[in-house]
Every structure is written in structure tokens, then in C-alpha cells.
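# A look at the structure
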Amino acid sequence: MHLTSIDWVIMVVYFSFVLGIGIALKRYMKTSTDFFLSGRSIPAWITGLAFISANLGAQEVIGMGASGAKYGIATSHFYWIGAIPAMVFVGVFMMPFYYGSRARSVPEYLKLRFDEKTRGLNGISFAVMTVFSSGISLYAMGKLLGTLLGWSFNVSVLVSAVIVLAYVFLGGLTSAIYNEVLQFFLIVFGFAPLVFLGLKDAGGWTGLQSRLSTVATASGFGSGAWSESWRYMGQPSSNPMGVEWFGLAMGLGFVLSFGYWCTDFLVVQRAMAADSMSAARRTPLIAAVPKMFFPFLVILPGMIAIALTYQAGSSGFVLPKKLDGTFDYDLAIPMMLGHYFPTGMLGIGLTALMASFMSGMAGNVTAFNTVWTYDIYQSYIKRGASDQHYLWMGRMATVFGIAISVAAAYVATRFNNIMDMLQLVFAFVNAPLFATFLLGMFWKRATGHGAFLGLLSGTTAAALHHGFTLPANAVVGVKGGWFGALHVYPSEMAQNFWTAIFAWTTCFVITIVVSIMTKPRAENELAGLVYSLTERPKQDREVWYRRPAALGVVVLIMTLVLNLLFW
Amino acid sequence: MRLDIRLPIGLMFALLGALLVISGLVVSPEEYKRSLGININTIWGAVMFVFGLIMLLLGRRGSAGMRSSEEGPEGRAIEAEEKEAGLETPGSIH
């Protein structure tokens, strides 16, 4: 890929704006609430766009494009039965407790609802995970920019770390949120022409469909396996994902997506920064609208890439292969940028790609500095210091959080498996979480001991399930089976979904059993924290499109239509 | 928070759009073989420029989107109800 001066100018303009926003916001950062929660003063449409943008990191853009090529349109299940229903649920049902309890973080909600040890377990594991996720993001970016542009890994990693550090250090969460909105628009404007050009090259949607049927039959599936999302989900063997509808709906839809979108502080923090309860509840619902169309922006290019590889278009695009002869799916979107974009537009596309890496990293960093400062430092290391001291600590946490990320990125260059291992451990920790929150918010009898033991046993169940099973054609190790493979799943994805289902169910059952055996908390202590003991927020004075429940229904109907259109 | 995010967004997109339009006029037609013969720079640059202007206009007008909820009658009513329900403590909005 060859850059000319115009591409460089575009990058410089973008990064000047990114830093400029941080500098402009610095004078508003007077208290720790300003820094960690944006003083709870941001309108819903901004927090809404930041809500999806914080998740729109490297894994999303590169990974979804790769899955689009590998699995076809079935990848959109990650959105249409995964993210969207979960986002509606968190907005309509859970946000009243997050925002209403005045908790400053998700672990702090657990402290208010359950007890100190549950908060500690969640806070510490979350802090470790976010810092390493941001390291994974950095590593992926450094590697990609090296492959595409021949930039040195050191320069890519250090320059982007310094930019993220600068704007989060100066403007805290507000700066991260404002930049996420900027990145959101840049990603949309940077990738939309790519989809347009790719589709034109493939002969429109019908042309793409017929090319994809070549892909499907060549891979030994029915002709619509790449272009129809539900029709091939009856059996694991009839679709490239190797999953069936039940594992998909329960594992991905219910456990994994609800677990992520409803309990991950990285995204929930954006809604907590909203200026009112109503705005906080509308945040994920507003986010859901663009989110449901994201498959067309990030999955479709991958589908186009694989379609043109099997049946060439006029421009001769082909997906590159790895050394071992398999397709390098991760390069689908980056290679298309280089193939279709002339200099100028290429600058915009590459800047959008870098913006997506950085927004993912900044999201992790702001979540980390808040959980570190409030849930670890203030709770266990230094209580009762002045607010200015915690503001200072937040800035310090930003610095060492990013320093650890950079170190993790370098470790990954030496031991690539370490990143796979870490992601596996994160999956074990995250899988049971949603059961804890569901019981905490909707069952007043759930106790702190129950929640704590439920979480521990859920994580253990995930590890055991992974240790006793193996995906087809995989070797024992990171992929599972280290206790002996009792069961073989048709694909890695099926194994992941079922690991999540086992972990969730174990956590759910153990939390209930232990709760019944332990002493419940007094009901008056739980007002504002549990559904049945909290007065419903009144909505009658608002016009219908500002009411969370009405918005939620609209979002769900739109998602249903999308599912049916691409059935 | 007094900085309206639409102003920097508008300014940036207007600037990037203008840069793209200029590059569309300057870059040799040979380059557009890649984009299937379409001068995507000029077309998309114009779209981005217009989007930037719209954002600037909305930001300049400073419409309801950016104000604190306590500055409008509807917002005040909601805040009051939330306080009544014990969901918000007074003085928590800056």
C-alpha cells in the first residue's frame, strides 16, 4: 500500500482534532466525577454513539470482516440476536439500577447490592482484563500497520499509546466519549464507500449472492450458506459456523451478549455519564439503531472479499493467503481498503481503521482508571483522601494502565499464545457474570455469599467444560481437552457457546442455592437496587419516542425485520 | 460541559471533505482505475463536506441536544420526578 502526501495530511488533521478535544476539555476536569463520569452531564445521543464506538475496536472491525469472509452473513447473529436484544434489555430494565443507585462503576453496584468481596472479585478481575485487552488491541494494530504499510512495530505502538494517553489524561471520560463520537462518524464515512465499491465490483446484492453460492458449494455446504442467516442453522453440519440454533440463541444470544452488553463496565460507563436517568436509559437504545446496520459496514466487506476470491470481479481482488495456504481472513478489510481506495480516500480509510483501534483502547483505559481508582485504590489502598487526590490518581492510573498495555503488546510479540490464553481466561470470568446481575437485580433474596460463590463456581465450570471438550480437528491445548476430551464439538464457536451456557447455568443455580441457605439483607437496604423494591421511573410526561420502553419495542421490531429479510 | 461536540466534528469533516475534493481534482485519473473508474474522492469529499457544514450549523444553533436537562421545562419535570422517586440527589447535575 502506497501513501502520498494527501493521505498524510488527512491523518495529521484527524490526530490534531483528537488531541485538540483533549486540550479543550482539560479545564472542565475539576473533580473526580468530572474525570471519571463526565460529571453525569452528557446528552443521550452522544453517550449512545460512544456506547457503540467504545466497542468498535480492532476486534470488531477486523474480526467481523474476517468472520464475514469465513462464515458469511450468519456472522450478523452477533448483532441481530446478540447485541441488539441485550442493548434493549440493559436500557429498559437494568439502567434504572445502575444509574439510579448512583454507583460510580459496575463493581460498585455489586458492593451496594451484595457485599465487599463480590465487588473485589469483579473489580480486580475486570481491571486486569481491561488492561490486557487494551494491550491486545495495541499488538494487533502494530502488527497490522507493519503488514500493510511496513511501519515499524515500535513506532506504531508507541505513537498510538501516547496519543490515547494524551487525550484521556487531559480530558478523562468526556474526552474519550467525544473522541468516540468523532471516531464513529469517521468509521462510517471511511468504510461506506468501500462497501459501495465492493458491491459494485461483485455485481450488486444479486451478483454477490450468486458468487457466494459458489463459495458455499465449493466448501461443501448448501448454496445459500453464506448469504442466508437462519436457514442453515438447523444442524451444526449444514453451516460453516458449526453451530445449531439452540446453542446460538442461548450461548451467543442470551449468555454471551447479555453478559457483555449488560455487565461490562466498558460500555455501561458511557450510559452512566448521561445527564439524566431518562438519557441513561435511552443511551443503549439510541446506540442499537446504528448498531443493527453495522453488519452492512463491517461484515459485508468480508463477504464481498471471499466472493470475489472464488469468482473474480473486474478489478481482480483476491484475499491473500497465509504461509500455511489457508486464507488470511483478518486481512479482508485492510486489503480491500488498499485495493479499491485511491490516494486521498485511502487516507480516510486508514485513518478510520486506526481510529477504531484507538477508540477500543481508550474505552478500556477509561474503564480501567475508574475501576482502579474507585473500586481498588479508594476501597483497599487509601480510603478517605481528598477528591483532588483521587482525580490525581485517575490520571496516574491512565499512565500506568497504558504502560502495562504497551508492555503486554511487547510480550505478545514474543509469545503469541499468551494472548490466546488470556482471552480464554477472560471468557471464563465473563461467562457467568450475567447470572449474578440478573439475580441481583430481579430477586431480592439473592445474597452476597450466593453471588460470590456463584461467580467462582461459574468460572470454574467454564474452565472444566473447556478442559473436558475439544472442537473438531483441534489439538489438545489452548483449544481445550487438557483433562481429556470427553466430547467433541463440530466447531470452536460451538464449544465457546456451550462453555458459556454451562458457566451461566452453574452460576445461576449455585447463587440461588447458597442464597437460600444464607441470611438475606433487610429489604429497606435494597431500595433502588432491586426491581421489586424500586419505584418505577414515571414516563408519562415524555413524548413516546423518548420513552425507553417504546423505543425498545421499535428497536426490536426493526431487528426482527432485518432477521426476516436475510433469513 | 460547554464544548458542543458538533463544532469539532463539523469543522473536521468540512476540512477533510474539502481536502478530498481538492485531491479529487489533482490526483491523476490513472489512480481511479482502482475505484472502478469512479472519482470517489470528489464525490465522497463533497458528501463529507456537506455533512461537516450541517454539523457546524446544528452546533452553532446550540439546540436542545447540548443543554443540561435542567434548562428546559420538560427536563426539569423529569428531574423533579426522579428526585421525588429518590433516583437523583439534588445538586448532582452540573
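Treat the numbers as computed from the prediction; the structure is a model and nothing was measured.

For chain A, the helix and strand inventory stands at 20 helices and 2 strands. Relative to the 2.2 N^0.38 estimate, which gives 24 Å for 567 residues, the radius of gyration of chain A is 23 Å and therefore close to what a compact globule would have. With the C-alpha coordinates aligned to their principal axes, the bounding extent of chain A is approximately 70 × 55 × 55 Å. When burial is assessed residue by residue, chain A has 63% of its 567 residues classed as buried. Just so you have it, chain A exposes about 19300 Å², and 67% of that area is on carbon and sulfur atoms. Here chain A carries 35 positive and 24 negative side-chain charges, and the mean point of each set is 5 Å from the other.

Residue and element names in this part refer to chain A. According to the stated counting rule, one finds 49 aromatic pairs over all chains in the structure shown. Here the aromatic residues F89, F93, F97, F254, F258, F434, F442, W504, F508 and Y531 are joined through ring pairs into a cluster of three or more. The ring of Y374 has R104 lying over it, and the distance from NZ or CZ to the ring centre is 3.6 Å. The lysine or arginine in question, R395, covers the ring of F169, its NZ or CZ lying 5.5 Å from the ring centre.

With that settled, consider empty space enclosed by the protein. Residue and element names in this part refer to chain A. Summed over the entire model, instances satisfying the criterion amount to 2 cavities of 30 Å³ or more. Estimated volume of the second largest cavity: approximately 30 Å³. Taken together, Y71, A74, A225, E228, S229, Y232, M233, N239, P240 and M241 form the lining of the second largest cavity. Split into classes, the residues belonging to the lining of the second largest cavity amount to 7 nonpolar, 2 polar and 1 charged.

Residues and elements named next belong to chain A. What the rule picks out here adds up to 13 salt bridges over all chains. Note that E108 is salt-bridged to R104, the shortest N-O span being 2.8 Å. The salt bridge involving E228 is made with R231; its shortest N-O contact spans 3.3 Å. With a relative accessible area of 52%, R231 lands in the exposed category. Counted as one network, the salt bridges with shared partners bring together K111, E116, R119 and D375.

It is worth spelling out the packing of helix α7 (residues 116-149) of chain A against helix α14 (residues 345-381) of chain A at this point. Residue and element names in this part refer to chain A. One way to put it is that α7 packs onto α14 with a least axis distance of 9 Å and a crossing angle of 155°. On the basis of the axis angle, α7 is roughly antiparallel to α14. The two elements α7 and α14 cross, and the hand of that crossing is left-handed. Among the residues making up the contact of α7 with α14, the classes are represented as 23 nonpolar, 8 polar and 3 charged.

Another point: α7 of chain A. All names here are of chain A. With 34 residues, α7 extends 49 Å from end C-alpha to end C-alpha; this agrees with the ideal 50 Å at 1.5 Å per step. Taking burial as the measure, the 34 residues of α7 include 24 buried ones, the bulk of the element. Remark: G150 follows α7 within two positions and exhibits a positive phi of approximately 70°.

Right, let's talk about the environment of S175 of chain A for a bit. Residue and element names in this part refer to chain A. Here S175 lies in helix α8 (residues 153-202). For S175, a relative accessible area of 0% puts it in the buried group. Remark: the alpha-carbon pair of S175 and G22, spanning 153 residues in sequence, is separated by 5.4 Å. Here S175 is in contact with I21, G22, L25 and Y167, once residues within four sequence places are set aside.

To continue, consider the confidence of the model for chain B. Across chain B, the average pLDDT comes to 75, with 63% of residues at 70 or higher. Interface confidence for the predicted complex, expressed as ipTM, amounts to 0.87; the pTM equals 0.88.

Take the packing of α7 of chain A against helix α18 (residues 448-468) of chain A next. Residue and element names in this part refer to chain A. Closest axis-to-axis distance for the α7/α18 pair is 8 Å, and the angle between their directions is 30°. With respect to each other, α7 and α18 are oriented roughly parallel. Crossing of α7 over α18 shows left-handed handedness. Mapping the contact onto sequence places K117, T118 and L121 in α7 and G448, H449, A451, F452, L455 and L456 in α18. Tallied by class, the residues present in the contact of α7 with α18 amount to 5 nonpolar, 3 polar and 1 charged.

Before going further, it helps to examine the nonpolar core. Counting 196 residues, the largest nonpolar core has Y98, F185 and L353 of chain A as the members making the most contacts within it. Among the elements that line this core, the one with the most residues is α8 of chain A, at 22 residues. Setting aside anything within four residues of it in sequence, one finds F185 of chain A in contact with L49 of chain A together with I9, F13, F51 and M55 of chain B. In terms of nonpolar packing, the next biggest core, distinct from the first, is built from 13 residues, I81, W230, M233 and L248 of chain A among them.

Reading the values: the criteria
- Residues numbered from 1 in each chain as written.
- Chains lettered and ligands numbered in written order.
- Predicted model: local features only at pLDDT ≥ 70, side-chain atom pairs only at ≥ 80, totals over all residues.
- Heavy atoms only, no water.
- Helix = DSSP H or I, 4+ residues; strand = E, 2+ residues; numbered from the N terminus.
- Rg over C-alpha atoms; globule rule 2.2 N^0.38 Å.
- Buried < 20%, exposed > 50% of the residue type's maximum accessible area, 1.4 Å probe, protein only.
- Areas by Shrake-Rupley, 256 points an atom, 1.4 Å probe, with all protein chains shown as cover.
- Lys, Arg positive; Asp, Glu negative; His and termini not counted.
- Charge placed at Lys NZ, Arg CZ, Asp CG, Glu CD.
- Phe/Tyr/Trp six-rings, centres within 6.5 Å; stacked < 30°, edge-to-face > 60°.
- Lys NZ or Arg CZ within 6 Å of the ring centre and 35° of its normal.
- 1 Å grid on protein atoms, 1.4 Å probe; cavity = no way out; pocket = protein on both sides within 12 Å on 5 of 7 lines; lining within 4 Å.
- Points joined across faces, edges and corners; volume = space filled by probe spheres on them.
- Nonpolar A, V, L, I, M, F, W, Y, C, P; charged D, E, K, R; others polar.
- Salt bridge = Lys/Arg side-chain N within 4 Å of Asp/Glu carboxyl O.
- Axes fitted to C-alpha atoms, helices over the stretch in contact; angles between N-to-C directions.
- Parallel < 35°, antiparallel > 145°, perpendicular 65-115°, else oblique.
- Left-handed = near helix turned anticlockwise from the far one by under 90°.
- Expected span 1.5 Å × (residues − 1).
- Contact = heavy atoms within 4.5 Å.
- pLDDT = per-residue confidence, 0-100.
- Core = buried A, V, L, I, M, F, W, Y, C linked by side-chain atoms within 4.5 Å.

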